[in-house]
Each structure stands twice: as structure tokens, then as C-alpha cells.
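Chain and residue survey
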Amino acid sequence: MTPPAPPPSAETVETLTRLRAVADGPLASATNMPAAMYQSDEIGDLERDRVFARDWVSPGLAAAIPDVGDHLTWTIADRPVFCVRDPDGRVRTFSNVCRHRMMTLVEGDGNSRRITCPYHAWTYDLGGQLVGTNHMEHTDGFDPVDICLPEIRTEVWQGWIYCTLDPEIPSVADLLAPIEEFVAPYGVADYVPVHRVDEVWDGNWKFLTENFMEGYHLPVTHRATLGTWMPMDSVVFPDQCHEAFTYQMFEKDENARYGRAHPDNDRLVGQWRTTTFMPTVFPSHMYILAPDHLWYLSLRPLGTGQVQLRFGIALAPEVHASLTDPEAWIAEMVGFFTAVCEEDRVVVEGLHAGSSSPLATPGPLSWLEHELHHFMGYLADRLVPNTGYGSAPT
Ligand code: FES
Ligand SMILES: [Fe+2]
């Protein structure tokens, strides 16, 4: 049995009390989060247990593992896992730890009909069942039938894989139902993945989540890339806060290099043909969904001072089909969005360095940072005991 967690320190209680107070006040008088939210190891541990171990996270697109036996890896609240396409075509997720001596089973992406441990070759089928071992005939009571990899709750919603360690929280389809009407017409499940890379940045994961959500920095940080063609005044936010997500959406004009529907796109009509929908699914899945492409980030904290990000790009199917020189066109697009990411890396790492100063204090927010305030409310619900559905276990 897991021993009860020790009570939080006085510093953490003070930080979370301030977080709750700012989240509960109006945006017009809100500041950003206390620096300790980004620097405290104790807060990081609480986030692992009350956020990442309890909410839905996304390892990426289901289209990344289209064939039986395709798999990809991720880690949820310190648990390495792999997602695999099983023989019935379902995406399932299992602990990526061998049931023998706890070796990591698979690394990165791959395809195989069996998962064979690289240490002593215990072998599992695509349902996580142990089906093959050597030299176990003298072990008392040993029967492979009794041994399975722990399975992680998994759903595929609008083309995305979502996993949670919590058997109790509502389904991702229920939690995201309010944005289904926006996301569904794009047809994400048919987008063609063209790029995916994992990186580690030197900053707290929340700096990257917040940076993704707010458009205030676009004309400045991204002045060399997309900063000049992002609308600022016509951004639409949700008219109420939802517990599992926030979003913004905006239209792109003819100056935008990417973001408008291909003539063969018959799924989107009217202004949706130039509209980009940009959800953040709390805590760590965010994407920019445009009529012609999407790009996404999925984050996981590596302690308080580093974040692993999975950065992926996919193309609308008619865009992909129309490319006459796909390799060159995709390389150019990947290069463009990689440059955008690099601009963000500089500010995320700068924010982390700045917030470590004893002189750092949280400052007032712009209305364009609306989603940061919403994110604070989400975190307060999860981290401050006895508030919201994510309140601390007793
Ligand atoms: S640790 Fe996996 S077979 Fe031994
Ligand atoms: Fe940015």
C-alpha cells in the first residue's frame, strides 16, 4: 500500500493559496503564477501525482501507428508506456516494463507482431499477454497465462490517442464534447503525419504550455517567421471556462503562408476554410489545427527544470495528395515550423532562467493572455485540496 503523502510545506501552501486567489479573481487584475510554481520540486511532485497521473495526456496521432504491430512510446507520470495497434485495429497502451526483471521493453517507434524483451527474450503478444519464455520450467507455479503487462486506459478521439492512469475520470470524448463541433469538420483522423520529433528544453513544462496558449508574444518572438500574419484583435476565446481544455480560434488572411483550405477540401465551408482552431487539452496536449495542416505539441515534465516535448506536423489529405515534390515541400514546411519552435525554445528557457531569480515577481496579464488565467484555474482545481473534481485524494 502506498503510504500517505506528507503534508505540503508552508511555502507550497502559500504558493497554492496565491494561485487559487489569482485564479478566482478577474482576468483584469490577474498576474501570472508565482515563480515557485515553476521552480519548486514539491509543486512538481504534486503535479505528477494530481495532474499527470490523473488527467488525459496524448502521445500523438493514431495515424502514426496505422498498421497492426505499429507502436510508439511515451511516459505518463514517470510510467514508461507504449501504444500499439492490436490485431483488431484498436490502439492499446501498456506499461513498457518487462514483467521479469523490469527491463524497458521497447524504445521509440517500431513494428512487430510480438514484443520481445531485449534482456532474456520474454515475449508478449499485442494484448500484453506473456506468450513465450525460455528456461522457466523449474520455477514453481510459473505459468505465462498469469502474466500480463499492465494496460493503461486509452481512447482515440478525433484522430488523437489519449491515455490516463485514472480509471475514474470521465471519458475524453465526454470531456472534449464541447469542442467536437469545431474539431470534427477538419477530419484530423485523415491528416497525414509527416514529421515527429522529441526534444528536451531547459524550462518548466508550464512555461511551454502558457507560451503556446497566448498570442501576445507572436509579433515579437516570431517576427521573423509567422508573427506578421497572425491576427491579434480578432481572436475568439471560449465564452466560459471548461475543466479539461481551453482554446482560441482565428482566421488567416491571404498573407498567411499556411492555413487556408485546399480547393479540393470539401469538408470545410465558409469562414471555416480560413479558420485555425487552437485547443489546449489540459494539462499538456496542444495543437494548431488549420484547414491545410496541423502541428502539435505534447509535453511531459522532466523534473521542474526540463520538459520533453513531442512536436509533430501532419497535412490535410488533399494537400498531401497534391504535392508534386513532396519531399522538398515537406522539408520546407518542417523547416519553417522548426524555426518557429526554436524561437519559442529561446523564450521558454529565458522564462525559466528569469523566474529563478529571487527578484522575480509575477506581473499583470494582458487580455491576450486570457488562457493563462484559465490554466491557473485548472491547476488550482487539481493542486489545491478540496476544490474541483481533481481535488487531492484523501
Ligand atoms: S527483464 Fe525482460 S526478459 Fe528478463
Ligand atoms: Fe510561440
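Just above sits the structure.
The structure contained in this document is the topic of the report that follows.

Thresholds applied
- Residues numbered from 1 in each chain as written.
- Chains lettered and ligands numbered in written order.
- Predicted model: local features only at pLDDT ≥ 70, side-chain atom pairs only at ≥ 80, totals over all residues.
- Heavy atoms only, no water.
- Helix = DSSP H or I, 4+ residues; strand = E, 2+ residues; numbered from the N terminus.
- Buried < 20%, exposed > 50% of the residue type's maximum accessible area, 1.4 Å probe, protein only.
- Areas by Shrake-Rupley, 256 points an atom, 1.4 Å probe, with all protein chains shown as cover.
- Lys, Arg positive; Asp, Glu negative; His and termini not counted.
- Charge placed at Lys NZ, Arg CZ, Asp CG, Glu CD.
- Phe/Tyr/Trp six-rings, centres within 6.5 Å; stacked < 30°, edge-to-face > 60°.
- Core = buried A, V, L, I, M, F, W, Y, C linked by side-chain atoms within 4.5 Å.
- Domains from an automatic or database assignment.
- Contact = heavy atoms within 4.5 Å.
- Pairing = 2+ DSSP bridges.
- Axes fitted to C-alpha atoms, helices over the stretch in contact; angles between N-to-C directions.
- Parallel < 35°, antiparallel > 145°, perpendicular 65-115°, else oblique.
- Left-handed = near helix turned anticlockwise from the far one by under 90°.
- Nonpolar A, V, L, I, M, F, W, Y, C, P; charged D, E, K, R; others polar.
- Donors = N, O, S within 2.8 Å, 3.2 Å for Na, K, Ca; no water.
- Tetrahedral: all angles 85-135°; square planar, octahedral: opposite > 155°, others 65-115°.
- Expected span 1.5 Å × (residues − 1).
- Salt bridge = Lys/Arg side-chain N within 4 Å of Asp/Glu carboxyl O.
- Polar contact = N/O pair within 3.5 Å; in protein donor to acceptor, adjacent residues only side chain to side chain.

What follows is about the overall build of the protein. Secondary structure summary: the protein contains 10 helices and 16 strands in total. With the C-alpha coordinates aligned to their principal axes, the bounding extent of the protein is approximately 70 × 60 × 35 Å. Each of the 394 residues in the protein was classed as buried or not, and the buried ones make up 52%. Accessible surface, the protein as shown: approximately 17,500 Å² in total, 53% of it carbon and sulfur. The protein carries 26 positive and 54 negative side-chain charges, and their two centres are separated by 3 Å.

Here we come to the packing of aromatic side chains. The relative placement of two aromatic rings is captured by the distance of their centres and the angle of their planes. Scanning all chains against the criterion turns up 23 aromatic pairs. On the numbers, 4.8 Å between centres and 80° between planes, the contact of phenylalanine 52 with tryptophan 205 is edge-to-face. Taken together, the residues phenylalanine 52 in helix H3 (residues 41–52) and tryptophan 205 in helix H6 (residues 205–213) connect sequence positions 153 residues apart. Taken together, a centroid distance of 5.3 Å and an interplanar angle of 35° make the contact between phenylalanine 182 and phenylalanine 277 tilted. Here phenylalanine 182, found in helix H5 (residues 177–183), pairs with phenylalanine 277, found in strand S13 (residues 275–281); they are 95 residues apart in sequence, far enough to count as distant. Overall, phenylalanine 182 belongs to the buried group, its relative accessible area being 14%. Through a chain of ring-to-ring contacts, three or more aromatic side chains come together here, namely Phe212, Tyr258, Trp295, Phe311, Trp329, Phe336 and Phe337.

The next thing to look at is the nonpolar core. Counting 67 residues, the largest nonpolar core has Met37, Trp295, Leu297, Phe337 and Leu379 as the members making the most contacts within it. Considering each element in turn, this core owes the most residues, eight residues, to helix H9 (residues 326–355). Looking at which domains feed residues into this core, each of domain 1 (57–155) and domain 2 (187–383) supplies at least three. Sequence-distant contacts of methionine 37, defined by excluding residues within four places in its chain, comprise Thr15, Leu16, Leu19, Ile43, Glu47, Asn204, Lys206, Leu379 and Leu383.

Turning next to the environment of methionine 249. Its location among the elements puts methionine 249 in strand S12 (residues 245–251). Measuring from C-alpha to C-alpha, the distance between methionine 249 and phenylalanine 182 comes to 9.7 Å, with 67 residues separating the pair along the chain. Residues in contact with methionine 249, not counting those within four places in the same chain, are Phe182, Ser234, Val235, Val236, Trp272, Thr275, Thr276 and Phe277.

Strand order in the open sheet formed by seven strands is S1-S10-S9-S4-S3-S2-S5, with antiparallel pairing between adjacent strands. Sheet topology places strand S1 (57–61) and strand S5 (110–111) at the edges, where each strand pairs with a single neighbour. Sheet topology places strand S4 (residues 91–95) next to strand S9 (residues 151–157); two bridges connect them, and they run antiparallel. Along S9, the bridge assignment pairs phenylalanine 94 with glutamate 151.

This brings us to the packing of helix H1 (residues 10–24) against H3. At a closest axis distance of 9 Å, the pairing of H1 and H3 adopts a crossing angle of 65°. Put simply, H1 runs roughly perpendicular to H3. In terms of crossing hand, the pair formed by H1 and H3 is right-handed. Along the contact surface, H1 presents Thr12, Thr15 and Leu16, while H3 presents Glu42, Ile43 and Leu46. Among the residues forming the contact of H1 with H3, the class breakdown is three nonpolar, two polar and one charged.

With that settled, consider the side chain of asparagine 211. Its place among the elements puts asparagine 211 in helix H6. Ignoring any residue separated from it by four or fewer positions in sequence, one finds asparagine 211 in contact with His217, Asp344, Val347 and Val348.

Moving on to the coordination of the iron ion (ligand 2). Ligation of the iron ion (ligand 2) by protein atoms is provided by His217 (NE2), His222 (NE2), Asp344 (OD) and Asp344 (OD), these donors lying 2.1 to 2.7 Å from the ion. Between the four donor atoms coordinating the iron ion (ligand 2), the angles at the centre fall across 53 to 152°, so the site counts as irregular. Note on histidine 222: relative accessible area 1%, which makes it buried.

In this section: helix H10 (residues 370–383). Taking 1.5 Å of rise per residue, the 14 residues of H10 would be expected to cover 20 Å, and the 20 Å separating its terminal C-alpha atoms lies within 8% of that figure. By the criterion of burial, H10 is predominantly enclosed, with 12 of the 14 residues buried. When H10 is considered as a whole, its buried residues turn out to be Glu371, Leu372, His373, His374, Phe375, Met376, Gly377, Tyr378, Leu379, Ala380, Arg382 and Leu383. Tucked into the core, H10 has its buried residues touching H1, helix H2 (36–39), H3, H6, S12 and S13.

Glancing now at the pattern of salt bridges. Where side chains of opposite charge bring their charged atoms close, a pairing between them can arise. Inspection of the entire model under this criterion finds 18 salt bridges. Between arginine 92 and glutamate 151 there is a salt bridge, with its nearest N and O atoms 2.9 Å apart. Residue arginine 92 is found in strand S4, and its partner glutamate 151 is found in strand S9; the two are separated by 59 residues along the sequence. As a salt-bridge pair, glutamate 332 and arginine 257 come within 3.0 Å of each other at their nearest N and O atoms. In this pair, glutamate 332 is assigned in helix H9 and arginine 257 in the loop between S12 and S13, connecting sequence segments 75 residues apart. By relative accessible area, arginine 257 is classed as partly exposed at 40%. The network of salt bridges with common partners includes Asp45, Arg48, Asp49 and Asp78.

Counting buried residues in H6 gives nine out of nine residues, a clear majority hidden from the surface. For H6, the set of buried residues is Trp205, Lys206, Phe207, Leu208, Thr209, Glu210, Asn211, Phe212 and Met213. With a side-chain oxygen lying 2.9 Å from the backbone nitrogen of lysine 206, the N-terminal cap of H6 falls on asparagine 204.

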